[in-house]
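Chains, contacts and geometry: an overview
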Amino acid sequence: MTNTPLTRSEAKDLTRRRLIRAALEILDKEGEAGLTTVKVAKAAGIAQSSFYVHFKDKQDLLRALGDEGGERLRRAMREARRQAREAPTELESHRDSFRIPLDAISRHPELLRIQLRARHDPSSPLREFATETAKAYRDHHAADLAALGYTADNERDRRRLEMIAEGINAATNALAIGHIEGRYPEIEEAVDVLVALSRGALRWLRATQTGS
């Protein structure tokens, strides 16, 4: 059976993905300090000059890593939360919405560390990207909460939804890092804590909205 030759567009996309996979492997093994365009191109098996066909520089590559990984993670989390909404008594679906980001961060922890550093470093070329990424997670989470019936009809309620979403996201990051560092060895224990934090915050939110 003859293989159909790749189109130019398909070949370009394949090379880009090889570069991204190579960069992730280097980040996982050596951290950001070990990531260079020379190493990425060599690991991907392409000429270094070809690297610049796909990315302007290392910072552009890091943005692409964050974009692709972030979008996959948000899709998976949205699906888990959708299933939790449709089957509210199914505890495992609810737990999945917290387990998915913990697993994702644990697989590639350096991506989170880069974004956290960039977000708080005014001189970082990735600061705007890191800030926008954090906002995207917060907005998606807040929208999911609104879909569960927590109203956001006024500025106060919208602000509280965002605060809960941001708090849960921050707790997720902290527990994932604690797991990576070995302080919290059991992922399921971290999931338990996030479920408890989420339920407590949502009970408070519902109480304040009903005036009870």
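Every value quoted in this text rests on a predicted model; they were computed, and no experiment measured them.

On the secondary structure map, Ser-106 appears in helix H5 (residues 91-107). Residues in contact with Ser-106, not counting those within four places in the same chain, are His-179, Ile-180 and Ile-187.

Our next topic: the nonpolar core. Ranked by size, the top nonpolar core spans 24 residues in total, and within it Val-40, Leu-61 and Leu-65 carry the most contacts. Listed by contribution, the elements that provide at least two residues to this core are helix H1 (8-30), helix H2 (37-44), helix H4 (58-86), helix H6 (109-119) and helix H7 (127-147). If near-sequence neighbours (up to four positions away) are discounted, Leu-65 is found in contact with Ile-20, Ala-23, Leu-24, Leu-27 and Leu-111. Of all hydrophobic cores here, the second largest spans 23 residues; its members include Ile-105, Ala-142, Ala-171 and Ala-201.

The next subject is H2. Along H2, the residues that are buried comprise Thr-37, Val-40, Ala-41 and Ala-44. Down the axis, H2 shows its buried residues gathered within 95° of arc, on one side only. The exposed residues of H2 that point more than 90 degrees off its buried face are Lys-42 and Ala-43. Of the residues flanking the end of H2, it is Gly-45, one or two places downstream, whose phi is positive at about 75°.

With that out of the way, let us pick up the side chain of Glu-32. Here Glu-32 is to be found in the loop between H1 and H2. Side-chain polar atoms of Glu-32 contact the side chain of Arg-117, separated by 2.8 Å. Not counting residues within four places of it along the chain, the set of residues in contact with Glu-32 comprises Leu-27, Lys-58, Leu-62, Glu-110, Ile-114 and Arg-117.

On to the pattern of salt bridges, then. Considering all chains together, one arrives at 21 salt bridges under this definition. Put simply, Lys-39 and Glu-30 hold a salt bridge, and the shortest N to O gap is 2.6 Å. A residue is classified by how much of its surface remains accessible, and Glu-30, at 42% relative accessible area, is partly exposed. A salt bridge links Arg-138 to Asp-139; the nearest nitrogen and oxygen atoms lie 3.9 Å apart. The exposure class assigned to Arg-138 is buried, which follows from its relative accessible area of 15%.

All chains considered together, the criterion is met by two aromatic pairs. Ring geometry for Phe-51 and Tyr-52: centres 5.2 Å apart, planes at 75°, overall edge-to-face. With 5.6 Å between their ring centres and 45° between their planes, Phe-51 and Phe-55 make a pair best called tilted.

Considering the arrangement of structural elements, one finds Ala-76 in helix H4. Residues Ala-76 and Ser-97, spaced 21 residues apart in sequence, show a C-alpha to C-alpha distance of 8.2 Å.

What counts and how
Residues numbered from 1 in each chain as written. Predicted model: local features only at pLDDT ≥ 70, side-chain atom pairs only at ≥ 80, totals over all residues. Heavy atoms only, no water. Helix = DSSP H or I, 4+ residues; strand = E, 2+ residues; numbered from the N terminus. Contact = heavy atoms within 4.5 Å. Core = buried A, V, L, I, M, F, W, Y, C linked by side-chain atoms within 4.5 Å. Buried < 20%, exposed > 50% of the residue type's maximum accessible area, 1.4 Å probe, protein only. Arc of directions from axis to C-beta. Polar contact = N/O pair within 3.5 Å; in protein donor to acceptor, adjacent residues only side chain to side chain. Salt bridge = Lys/Arg side-chain N within 4 Å of Asp/Glu carboxyl O. Phe/Tyr/Trp six-rings, centres within 6.5 Å; stacked < 30°, edge-to-face > 60°.

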